[in-house]
Amino acid sequence: MTTGDIARLRGNDDTAYFRLTVVDQALRLFAEKGYEATTVDEIAEAAGISRRTFFRQFRSKEDVIFADHESQLAQAAEFLSASREDPWEAVCSAVVQVFERFTQWRDIAARRYQVVRRVPALREREIVTVFRYERLFTDYLRERLPDVPDLARVQFTAAVTATHNYLLRRMVRGESDAGATDLRVELAAIPRGARRTANADELVVAVFPRDAPPRQVADLLLRKLGTL
């Protein structure tokens, strides 16, 4: 997301506008001066806010790096709480929504990646953040699918999170232009809990509109057959 994209958030979500403005300025300074050499006062001045205002929103400059993850986690939790989808598919939908929001501010995601990979403490914080997503999804599946073996739930959430992160990192490194549709296809291939043993006599019938795009047909088949 460019500075212009951030500005367009104003009027729709003032809090998101404010936080992303601070993140944008912090990342610029980290790139120019280095993470350790940049002070909170410099970030606040660049963002046009006071030091007090900065600390009302962020506990430290490390928090600025991962500020949007708090919003992402909250939105994912809200989505799952209201979802009436099959629980496995609801987790996949939540993951896709997280990916789509990150692509909306791709510039910030790319610059954050460059900063994080150079600072060991930030890489450790990133690992903790990834675990928070996995825990959110696992706890949701525990609530909605209490009879499923816990290992199956943990394996599934680890796989979907890793798939999301792999495609996101390739995108921010400029190695891929994969989008949400590509992510959905990959997520559909991940086993949903314990699969039933296939029966040789089992027949699956699928009906699609004549003009359905091939990618849409393949995506739906992968999603549905993956739950058999």
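Look above for the structure.
Residues numbered from 1 in each chain as written. Predicted model: local features only at pLDDT ≥ 70, side-chain atom pairs only at ≥ 80, totals over all residues. Heavy atoms only, no water.

(A) Region of interest: empty space enclosed by the protein. Within the structure shown, the criterion is met by one cavity of 30 Å³ or more. Size it by volume and the largest cavity reaches roughly 320 Å³. Taken together, 20 residues make up the lining of the largest cavity; nearest its centre are His 69, Phe 102, Glu 126, Asn 165 and Leu 168. Listing elements by their share of the lining of the largest cavity, those giving two or more residues are helix H7 (87-104), helix H8 (106-116), helix H9 (120-144) and helix H10 (150-172). Sort the elements by how many residues they give to the lining of the largest cavity and H10 lands first, with six residues. For the lining of the largest cavity, the per-class residue count stands at twelve nonpolar, five polar and three charged. (1 Å grid on protein atoms, 1.4 Å probe; cavity = no way out; pocket = protein on both sides within 12 Å on 5 of 7 lines; lining within 4 Å. Points joined across faces, edges and corners; volume = space filled by probe spheres on them. Helix = DSSP H or I, 4+ residues; strand = E, 2+ residues; numbered from the N terminus. Nonpolar A, V, L, I, M, F, W, Y, C, P; charged D, E, K, R; others polar.)

(B) Region of the structure containing the pattern of salt bridges. Throughout the structure, instances matching the rule amount to 17 salt bridges. Residue Arg 142 is joined to Asp 139 by a salt bridge in which the shortest nitrogen-to-oxygen separation is 3.1 Å. On the criterion of helical spacing, the pair formed by Arg 142 and Asp 139 is a turn pair, its members being three residues apart in helix H9. The class of Asp 139 is partly exposed, set by a relative accessible area of 38%. A salt bridge links Arg 173 to Glu 175, with the shortest nitrogen-to-oxygen separation between them at 3.1 Å. Residues joined by salt bridges that share partners form a network here, namely Arg 59, Glu 62, Asp 63 and Arg 125. (Salt bridge = Lys/Arg side-chain N within 4 Å of Asp/Glu carboxyl O. Buried < 20%, exposed > 50% of the residue type's maximum accessible area, 1.4 Å probe, protein only.)

(C) Main features of the packing of H7 against helix H11 (residues 180-188). Contact pair H7 / H11: the axes reach a minimum separation of 10 Å and the direction vectors enclose 150°. By the criterion of interaxial angle, the relationship of H7 to H11 is roughly antiparallel. In the crossing of H7 with H11, the sense of the turn from one axis to the other is right-handed. Residue-level contacts link Cys 92, Val 95, Val 96, Phe 99 and Glu 100 of H7 to Ala 180, Leu 183, Arg 184 and Leu 187 of H11. Classifying every residue of the contact of H7 with H11 by side-chain character gives seven nonpolar, no polar and two charged. (Axes fitted to C-alpha atoms, helices over the stretch in contact; angles between N-to-C directions. Parallel < 35°, antiparallel > 145°, perpendicular 65-115°, else oblique. Left-handed = near helix turned anticlockwise from the far one by under 90°. Contact = heavy atoms within 4.5 Å.)

(D) Quick look at the nonpolar core. Val 22, Phe 54 and Ile 65 are the most contacted members of the largest nonpolar core, which totals 60 residues. Discounting residues that sit within four places of it in the chain, Phe 54 has contacts with Val 22, Val 40, Ile 43, Ala 44, Ile 49, Ser 60, Lys 61 and Val 64. (Core = buried A, V, L, I, M, F, W, Y, C linked by side-chain atoms within 4.5 Å.)

(E) Structural detail: the packing of H8 against H10. Where H8 meets H10, the axes come as close as 9 Å, and the angle between the chain directions of the two elements is 95°. On the basis of the axis angle, H8 is roughly perpendicular to H10. For the pair formed by H8 and H10, the contact residues are Arg 106, Ala 109, Ala 110 and Tyr 113 on the first element and Arg 169, Met 171 and Val 172 on the second.

(F) Broad picture of the packing of aromatic side chains. Overall, the coordinates contain four aromatic pairs when judged by the stated rule. Here the aromatic rings of Phe 54 and Phe 58 are separated by 5.2 Å at their centres, their planes lie at 45°, and the arrangement is tilted. Here the aromatic rings of Trp 88 and Phe 156 are separated by 4.9 Å at their centres, their planes lie at 80°, and the arrangement is edge-to-face. Separated by 68 residues along the polypeptide, Trp 88 in helix H7 and Phe 156 in helix H10 bring together distant segments of the chain. You can call Phe 156 buried: its relative accessible area is 1%. What links up through ring pairs into an aromatic cluster is the set Phe 54, Phe 55 and Phe 58. Looking at Lys 61, its charged tip hangs above the ring of Tyr 35, at a distance of 4.6 Å from the centre. (Phe/Tyr/Trp six-rings, centres within 6.5 Å; stacked < 30°, edge-to-face > 60°. Lys NZ or Arg CZ within 6 Å of the ring centre and 35° of its normal.)

(G) Structural view of the environment of Ala 159. Of note, Ala 159 is situated in helix H10. Taking C-alpha positions, Ala 159 is 9.3 Å from Pro 191, a pair spaced 32 residues apart along the chain.

(H) Main features of the side chain of Thr 38. Here Thr 38 shows up in the loop between helix H2 (14-33) and helix H3 (40-47). With near-sequence residues (within four places) excluded, Thr 38 lies in contact with Leu 29, Phe 30, Lys 33, Ile 43 and Lys 61.

Honestly, it's all geometry; don't read function into it.
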